[in-house]
Every structure is written in C-alpha cells, then in structure tokens.
Amino acid sequence: MTAGPARAAPPPSSPASPAAVRPLSLRGRGLSEAGPRVIGPALLLLAAVAALPLLPGIRFYYLQVVILVFWFAVLGTSWSIIGGYGGMHSIGHATFVGVGAYTSTLLYVDFHISPWLGMPAGMALAALVAVVIGYPCFRFGIRGDYFALVTVALGQVGFEAANGAANITKGAQGVPLPYAGNAPFAFQFANRSVYFYVVMALWLVVVAVAYRVRRSGFGFKLIALRDDEVAAERGGIDVSRHKLLALALSAAIAAAAGTFYAQFFLFIDPGAVFGLTLSVQIVLMAVLGGMNSYLGATVGAALLVPLSQWLTTRLSGVPGLDLVIYGAILVALMLYMPFGILGLLRRSPHWRRVIGW
Amino acid sequence: MTEPVADPILAVRGVAKSFGGLRALQDVHLEVARGSITGLIGPNGSGKSTLFDIITGYQSPDAGEVVFDGASLRALAPHQVSRQGLVRTFQLTRIFPTLTVAENLLVFADGAEGEGRARELLEFVGLLRLADHEAAGLSYGQQKLLEIAQVLMLQPRLLLLDEPLAGINPGLAEELLQRLRELRDSGMTLLLVEHDLPAVTRLCDRLTVLDGGQIMLSGTPEAVLADAGVKEVFLGG
Amino acid sequence: MQLPSAVASGIALGAIYALVAAGLNLVFGVVKIINFAQGALLTVALYGVWLFQRAAGLDPYLTLPAVAAVMAGLGYLIQAGLIGRVLGKERTSQLLITFGLAMVLKNLCLVLWGADNRSVTSRYGDRVLGFLGVRMTVASVVAVAGSALTVAFLYLFLHRTRAGTAIRAVAQQPDSAELAGINVRRVYAAAFAVGTALIGVAASLMAPIYPIHPGAGDSFGIMAFIVVILGGLGSVFGAALAALLIGVLQNVFATLVSVQLSTAFVFLVFIVAMIARPSGIFGQKARVA
C-alpha cells in the first residue's frame, strides 16, 4: 500500500512535451549515446594504441610513456570515484598505492608469495586502511578541507612509517625485487611489452568499473551526497556507509596499481610510492581531465604524462622545475578551468550523459 | 489546556534541549493525530526548528523521547528516521543541484516501480516537463516543489514541512496548500511549521503553539488563535 | 636525562609553531579557507632572511621588520590576485589553488637556490644561557620571547584597534560587516597580509636555529594545522598554548624515542585529535563543512 498522491489536478501549463513521453530513467543510454561518429574513431584509436608494441623497431621508451599514461589513468580514475563522484578530495591517495606496492613486494621478497596473490592482499589491506581512517572521519563529520588535511597527514604518516620501520619495510633505501627473467607466475615478463598489455587491461577494467559505478544507484547516491549531504541523509541514504564503500573501492584500485609499479620497475621506495608528489600528481590528472567523468583522468594522464616526461628530459639539470610547472598548471586550472577539459562539455545534456558528468 | 489526541502517529514526550546556557526546548509534549494536518506555530526563536531537528534525528534531545507509530526514535540517525517513514523538508530548500529533476527523484528508488512513481510525483507537482533540466536551474518555487516530490518518493507516513510557504508567491502557495490537502486525503499525516497564520488556519486540523521552548496551547485553529495569551505572543511577531 | 633540555627546546619549537599557527588561524578564521601554502610561505620567508643577510650582512633580528613587511606584501598579492578570485567558487578550487601555490613556491626555492642547506647567523645567537638547570641558546630564548611578544601584539591588534575589530567582524559575519560599510575584500586581503607577516616574523626568529632548505617550512606548515585544530579556531591564546604543547610533546618524543618517528607520531596525534575534538580546546565549534 502506498500513501501516494491521489490523481492530481493537471499541472498549470504544460502541453504534452517530449519529456513527458520519453521514459524517465536513471541511466540513460550513456556511452552508446555518443554515436558511431565518435565511437568509431575512439575504437580505432584504442586499437592503434594496442598495436603500438607490435610496431617493428619501436623504441621501448615510447611504450613506457604509454604505460605510465595508463598507470596514472588508473590512479586518477580511482581518485575520481571518491573525489569526483563523492566530493571527497583526498591529497593522500599515494598512501594506498604504497600499501599495495609494499604488501605485494614484501610478501614476495620475504615470503616468496607470488605478486599475483600479493596484489589482492595489498588491495584488501588498502581497503582496510581506507575503512579504518574513513570510518571515524565520516562518523564525526570530517569533510571538505578538513578531510583533505587528514588525508595529507595520513600520507605523511605512511611515508614516515615506511621510512622509519626499516626492519619491516627496509626503510629509506627501498626494496629491490630480484629479477626473475620470464616468470609469469611471479608477475615478471622478459618481454617488456607484456607489461604494456597488463596495464592496458587494468586500465580498461578500472574505467569500466568507474563507468558502471557512475551509472549505478550507488554512483548516483554518491553524487547526491556530494551535492548535499544533509539532503541525502534526509532521503534515507546512509552517507557514511556510501563514502566508506567508495573509499575502500578507490583504495583497492590504487593498491593494485601499486603492485604493478613494483613489478614493472622492480624497485620501490617510500618516496616513489608514498610521496606527496605522487598524491598531487594523481589529483592533477583527474582534475585536469575533468574529475567528475570516468574518462577524465585518462584524458588528464594522456596530456600530462607525456608533458612531464618531456619536461624531465629537457629540464633534467634543474630539479624542482617540473614541480613548479605542475603547481602552476594546478593554479591556472583552478582559476580558469576548474572543471577540467571534459568539464567543458558539461553544459550539453547529451555530452554529459556520454562522459558521465 | 491541551486535550490528548486520539490515535497519535507521533508523540513527543518531555523533550528538552539546551545549547550551552540557552534553553531551546523545555518539557515539550506534543501529539500528532494520524491522518491530520497539524500546524506548529510560534514566534521566531521559539524552538520550532530545533524540535524538528530532534524529531528527525539531526539532533538528540537532552531529555525525553520521540515515539513514531509506537516505535521510539531514540539514537536513530536521520537516514534511519527517514526510512522509518518520517521525512522532513528544510526551511532552506535542499535538493541536488547537479542532478536533473528526474534524477533528483530516481536516486531514491530504482527500477521500473521507482520510475513510475517518479513520473507520477513529477506530474503531481507539475514539474514533469522539466524532467531533464538540471535542478540548479529551477526557480525557488520550483525547487520547493521538487523537494516535496523528492520526499514523497520515500513514501512517508508522516511528513514534516519546515515553512513550506516561505518565499513563494500567493498563486503557488495556493497550489501547494491544495497539494498538501490531497496528500492528507490519501492517508498521509502532515506536521508543518508555518508563519503564515491565515493559510495555516485554513489548512490545519489542529494547531500547537510553541513559545520560548515550551508548548503553550494545542487545539483547533479557531480556539487557539482566539486565545488571549496566544494573541499576545503573536502581536508584533 | 636530557628531559629538561628537551622540554626547553620543545618550548622554543612550540614558540615558532605558535607564530605560524597564528597566521593560519587568522586566514582560516577570516577568509575561511585552509591555506595549504603556509609551509611554503615560511620557506620563502626563510630564504628572504638569508638573502637579506647575504646582501647586506645584517643580523636576522634587525631585518625582521623588513621581512615581515615583504611577506605582508606577498600575502596581500596572493589574496587579491589568486585566492580572492576563487572565493565564490567550488571548494575544490580553493583547496587545490593553495596547494598548487605551495608547490610553485617551494620548488621555486629549490630551482633558484638548490637543495643545499643554507644558514643564517646572529651575532650572539649561539651563546648558551643556563638557568633553572636548563641550557638554551640565546637564539632559542629570543624565539620564545619574540613569539610571546608577537602573539600579545596580535591579540591587542585584533581586540583593540579599528582594523582588528573589522577583521573580527568579517570573520564572524561577513554579510553584516559588509552592510556596516566594511570593505570585506580588503579585509580578506589585510587578514592574509597580517597572517603572512606573522610567518615572516616566525622565519626571522627561527632562521638562526634551523637550517634553511626548500623543505624547511613543510613540517612547520603541517604542524601549524595541528596546532590550529587542537587549539581551536579563532582563539589566539588557545592556539599558542596548543603550539607549546605540541612542540614539547614532539621534542620529548624525539629525544626519548626516535626523531623520524616523532613526525609520524605527531601526524597520528593530529588525525586522532581531528577526529575526536574538531572544536579544539578553546575555540568555538569549528564548522566542518
């Protein structure tokens, strides 16, 4: 039985309009709405990228740049789930990367457990950390800038702990992974191109996850609580629980990326995987591309990673200049284009549905 | 002074609340009859919003309790109170600005049944033709209607309205009053805080007066507004 | 052991924290944004002190007014040119813009002057004084005294002058203040300028004690947040007290346990304190949204 309204008087002045006839739906058609003129070229681009390692004579340096693009896109997309959809601006996301990297690496180096098993272990641990920090924060209403502050502090704690607890983490000198040649079961491949496909697959999975989340009831509830937490609570949404779930999911994804980093570079240290710089880069990717969209971080990474690689080689004699430029980009973005590149499309209802804004 | 209510859907018993040294509510007893429209009136600062906050779980009382349809609401969080069927609107209308009008409702109920209900409710408040518009672009009055449609999605048994007529033009106000009567006729109970005394007299079955954190008087609108003490409280306010 | 000395230098450390936190408190209380660039501004000020000494051979205590003035100007520009432009907008923009600014400032120092430690000396700074069984350098004593004086001046400024009262009015009710004829934008800029000037004072006092390098201000910046959160927003003396407490705690922990872990420890304390007592010890309930 519903205590709903009885037949109402007709609304004041509304002729039968298309909106009244089209079915109301939470989801819309999403990506498929982009139409063949957009989807076609996009798929071609994807295929071309996938074919890159197969190009005869291609220097691995370029493949590595693309690998890093995918890697940062994975991280930035995971951030978008909490920062974009949920409005939780964490500047400590590297913490989860570090947890993932160190968990799978230490399990491998100290206990000879395959990183394929270490990865889910790291993901679970990162999700746990997320819940342990998130629960008291959300329970006590820590949000906005305060939450960002807590995440920065968390990042520092992670960094200092990794540096300081040398008997477990080997401290500031880092942990090298023994080179195992071609050992697929140990997540190592002699043919470096395999890493390319691994990270590309990871990226595809993560973007798909972000897409599905955006179009799910859960995703809409995240956006609702981002817009107005009080109204969301009033509407029966358990805000804390939703935030925790989002944070745990995001942390797990970041941890998986951490494991990949360890396996690809065969060396991790606190600065690389726990550092504030990494946390800022993650945020920058997402914000530059458009943090509300599941594609935003990919766009951001596609632009920023090659740029920063180029900068590093050009400015290798001047340490710190690259970070000056990152910072300047961030400031400029916030002044002139706070919604990022994909955010430019947000005025069009059609494109909003496609990019999931 | 206040006759007990038959079949109360909501009972507030001995609620007290202080903020620092300020006593906002003191020994408040209130009963809302099932299927009625009850008005809560009182001068500014009398504690009406605080009482609403306590009933809906946004604040907890220093003393006393709130019983909804026989079940105590003690220690329930706001979202849990809403899920029990007791939902409120806010004085400053709260909706989700970046979602569309339709999404504002659909976020609360998924599936075909939810979509059907959302359509019905949008028709009910006259916003169906704006279904795909971003909610941020609605006028103030339209946002108020949207909020009402939103809370109705939750199928409340008791609806608390915090100054529903504030800031909207007389035409829309009339329409809104009519909608509220229709809601009552369909079986919902309404409790509203309002300052517009003529409107409240026409709409409400019962009025309760809150002054200085204490219940002064409860009864029919005519009886309450004729009371000398009440008239004094409202003179000039 | 060396506990009394650890406490004494902890007080000196806390005195520096108090000044940086006072600046943060002012900005956060008035402009209502969290200034992530606090630490970086401290770094810039430290380099400023060093540059003055390199250029003119002057004692840092003598150049204090100049440094404070330059920092005030910088703060005014930052508020008027950057932060003021995003004030009406999304919270993200405010958060990230000060963060981006911090990155630019800190790494500019790295680019311009390299990663090596620089140092500043004061003529009598290294002399050691002993009293109550504790030995402290002159520089430390001056830091404590200077900080106490500055905090006192700040309180008087906020509560006894017209400008200070305008600042407090805007902090509490910007709309009413505007109606009363106060130019709110200018007050924001003034608050930022004063806050940054305080950082300049802190830098002048700490320069003879700490090495100057691009990361020098970082931990002080974070500590300032801890202090402000623990001491309560809007409370000058609350923040000062919290600063002393934190300084002592950190130093004692560093002496008794480990220097590296002491920083992690204080961050942990921060997270816990943040979650448990967002309203701080003396301040009003902090608005958490």
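The structure displayed is predicted, hence computed values, not measured ones.

Engineer: In this structure, what is going on with the overall build of chain A? I would like to understand it.
Structural biologist: Helix and strand content of chain A: 16 helices and two strands. The C-alpha atoms of chain A give a radius of gyration of 22 Å, which matches the 21 Å a tight globule of 357 residues would have. Taken along its principal axes, the extent of the C-alpha atoms in chain A is 75 × 50 × 40 Å. Residues classed as buried in chain A amount to 53% of the 357 residues present. When contacts within chain A are restricted to residue pairs at least 6 apart in sequence, those whose partners lie at least 24 apart make up 75%.

Engineer: Sorry, what's going on with the overall build of chain C here?
Structural biologist: Of the regular secondary structure elements, chain C holds 11 helices and two strands. Since a compact globule built from 289 residues should have a radius of gyration of about 19 Å, the 18 Å found for chain C is in line with a globular shape. Overall, chain C is about 55 × 45 × 35 Å in size when its C-alpha atoms are taken along their principal axes. When contacts within chain C are restricted to residue pairs at least 6 apart in sequence, long-range pairs at least 24 apart make up 77% of them.

Engineer: Before we go on, may I ask you to explain the sheet that holds strand 9 (residues 206-211) of chain B in this structure?
Structural biologist: Either a parallel or an antiparallel arrangement is found when strands of a sheet pair, and the pairing is made through backbone hydrogen bonds. Residue and element names in this part refer to chain B. What the six strands build is an open sheet, ordered 6-7-8-3-9-10; its pairing is mixed. At either margin of the open sheet sits one strand with a lone partner, and together these are strand 6 (86-88) and strand 10 (214-219). Strand-to-strand twist of the sheet, defined as the mean angle between neighbouring strand axes without regard to direction, takes the value 15°. Running at roughly 145° to strand 8 (residues 189-193), helix 6 (residues 170-185) makes contact with strand 3 (37-41), strand 7 (158-162) and strand 8 of the sheet.

Engineer: For this particular structure, what's the right way to read the interface of chain A and chain C?
Structural biologist: Between chain A and chain C, the residue contacts involve 38 residues of the former and 37 residues of the latter. If you list the elements that add at least two residues to the side of chain A that touches chain C, you get helix 5 (115-139), helix 6 (144-164), helix 13 (276-289) and helix 15 (321-336) of chain A. If you tally residues by element for the side of chain A that touches chain C, the top one is helix 6 of chain A, at 14 residues. Its residues assigned to classes, the side of chain A that touches chain C comprises 27 nonpolar, eight polar and three charged.

Engineer: Mind showing me how you'd approach helix 8 (residues 184-206) of chain C here?
Structural biologist: Residue pairs spaced three or four apart in an α-helix point in one direction, given the helix's 3.6 residues per turn. The end-to-end C-alpha distance of helix 8 of chain C, which contains 23 residues, comes to 33 Å, matching closely the 33 Å that a straight helix rising 1.5 Å per residue would cover. Among the 23 residues of helix 8 of chain C, 20 are classified as buried, and the element is accordingly described as predominantly covered.

Engineer: Looking at this structure, how should I read unusual backbone geometry?
Structural biologist: Most peptide bonds take the trans configuration, and most residues that are not glycine carry a negative phi. The phi angle at A:Phe187 is positive, at roughly 60°, despite the residue not being glycine. Checked against the element boundaries, A:Phe187 lands in the loop between strand 1 (175-176) and helix 8 (193-214). C-beta crowding within 10 Å serves as the criterion here: with 23 such atoms nearby, A:Phe187 is assigned to the buried category. With a phi close to 65°, B:Ala75 is a non-glycine residue in the positive phi region. When you line up the elements, B:Ala75 lands in the loop between strand 5 (71-72) and helix 2 (78-84).

Engineer: It is not clear to me how the confidence of the model for chain A should be interpreted in this structure. Could you clarify?
Structural biologist: Predicted coordinates in areas of low pLDDT are best not read in detail. Residues and elements named next belong to chain A. Here chain A averages 88 in pLDDT, and 92% of its residues register 70 or above. Considering each helix and strand of chain A separately, the mean pLDDT is smallest for helix 1 (residues 18-21), with a value of 43, and largest for helix 11 (residues 239-265), with 97. Low pLDDT, under 50, characterises residues 1-21; the stretch is placed with 35 contacts to residues that sit more than four places away or in other chains.

Engineer: It is not clear to me how the arrangement of the chains should be interpreted in this structure. Could you clarify?
Structural biologist: Ranked by contact count, the leading pair among the two pairs of chains in contact consists of chains A and C. Left apart from each other, chain B and chain C have a closest C-alpha approach of 11 Å.

Engineer: It is not clear to me how the confidence of the model for chain C should be interpreted in this structure. Could you clarify?
Structural biologist: Residue and element names in this part refer to chain C. Within chain C, residue pLDDT values average 84, and 93% of them lie at 70 or more. Looking at the elements of chain C, mean pLDDT is at its lowest for helix 11 (residues 259-276), recorded as 74, and at its highest for helix 2 (residues 38-56), recorded as 93. Low pLDDT, under 50, characterises residues 280-289; the predicted model gives this stretch 36 contacts beyond four residues in sequence or across chains. With pTM at 0.88, the complex prediction returns an ipTM value of 0.91.

Engineer: Could you clarify how one ought to interpret the environment of B:Glu147 in this entry?
Structural biologist: All names here are of chain B. Residue placement: Glu147 occurs in helix 5 (residues 140-153). With 22 C-beta atoms counted inside 10 Å, the residue Glu147 sits in the buried group. When the C-alpha positions of Glu147 and Arg88 are compared, they lie 9.7 Å apart, and in sequence the two are 59 residues distant. Dropping the residues within four chain positions of it, Glu147 is found in contact with Thr89, Thr93, Arg94 and Ile95.

Engineer: Is there a simple way to explain the sheet that holds strand 5 of chain B in this structure?
Structural biologist: Residues and elements named next belong to chain B. Overall, antiparallel pairing links the four strands, which are arranged 2-1-4-5 in an open sheet. Sheet topology places strand 2 (22-33) and strand 5 at the edges, where each strand pairs with a single neighbour. For strand 1 (residues 8-19) and strand 2, the ladder comprises eight bridges, and the chain directions are antiparallel. Opposite Val12, over in strand 2, you have Leu30 as the bridge partner.

Engineer: When you look at the environment of C:Gly48 in this model, what are you seeing that I'm missing?
Structural biologist: Residue and element names in this part refer to chain C. Looking at the secondary structure, you find Gly48 in helix 2. Considering only alpha carbons, one finds Gly48 and Ser204, 156 residues apart in sequence, at a separation of 8.9 Å. Discounting residues that sit within four places of it in the chain, Gly48 has contacts with Val67, Val70 and Ala203.

Engineer: Where do I start with the pairing of strand 2 (residues 134-137) of chain C in this structure?
Structural biologist: Residues and elements named next belong to chain C. One ladder, built from four bridges, connects strand 1 (residues 128-131) with strand 2; its direction is antiparallel. Looking at the pairing, Leu129 lines up with Met136 of strand 2. Where strand 1 hands over to strand 2, the hairpin turn is made up of two residues, of which Leu132 adopts a positive phi near 50°.

Engineer: Help me understand the pairing of strand 3 of chain B, please; the structure alone is not making it clear to me.
Structural biologist: Residue and element names in this part refer to chain B. The buried fraction of strand 3 amounts to five of the five residues, a majority that puts the element mostly inside the structure. Residues Ile37, Gly39 and Ile41 line one face of strand 3 and the alternating positions Thr38 and Leu40 line the opposite face, and both faces are buried. The pairing of strand 3 with strand 8 spans four bridges and is classified as parallel. Paired with Ile37 across the strands is Leu190, a residue of strand 8. Bridge count between strand 3 and strand 9: four bridges; the pairing is parallel. Residue pairing across strands places Leu40 opposite Thr208, the latter belonging to strand 9.

Engineer: Sorry if this is basic, but what is going on with the packing of helix 2 of chain C against helix 8 of chain C here?
Structural biologist: Two packed helices can be described by the angle between their axes and the distance between those axes. Residue and element names in this part refer to chain C. Across the interface, helix 2 lies against helix 8 with an axial gap of 8 Å and an inter-helix angle of 55°. The angle between the axes of helix 2 and helix 8 places the two elements in the oblique class. Handedness of the helix 2/helix 8 crossing: right-handed. Touching Leu41, Leu42, Ala45, Leu46, Gly48 and Val49 of helix 2 are Thr196, Ile199, Gly200, Ala202, Ala203 and Ser204, all from helix 8.

Engineer: Looking at this structure, I do not really get the packing of helix 6 (residues 162-172) of chain C against helix 8 of chain C. What am I missing?
Structural biologist: Residue and element names in this part refer to chain C. Packing of helix 6 against helix 8 leaves a shortest axis separation of 10 Å and a crossing angle of 105°. Taken together, helix 6 and helix 8 sit at an angle that is classed as roughly perpendicular. Contacts between helix 6 and helix 8 involve Ala163, Ala166, Ile167 and Val170 on the former and, on the latter, Val184, Val187, Ala190 and Ala191. Considering only residue class, the contact of helix 6 with helix 8 consists of eight nonpolar, no polar and no charged.

What counts and how
- Residues numbered from 1 in each chain as written.
- Chains lettered and ligands numbered in written order.
- Predicted model: local features only at pLDDT ≥ 70, side-chain atom pairs only at ≥ 80, totals over all residues.
- Helix = DSSP H or I, 4+ residues; strand = E, 2+ residues; numbered from the N terminus.
- Rg over C-alpha atoms; globule rule 2.2 N^0.38 Å.
- Buried ≥ 20, exposed ≤ 12 C-beta atoms within 10 Å, placed from the backbone.
- Contact = placed C-beta atoms within 7 Å.
- Pairing = 2+ DSSP bridges.
- Axes fitted to C-alpha atoms, helices over the stretch in contact; angles between N-to-C directions.
- Nonpolar A, V, L, I, M, F, W, Y, C, P; charged D, E, K, R; others polar.
- Expected span 1.5 Å × (residues − 1).
- pLDDT = per-residue confidence, 0-100.
- Parallel < 35°, antiparallel > 145°, perpendicular 65-115°, else oblique.
- Left-handed = near helix turned anticlockwise from the far one by under 90°.

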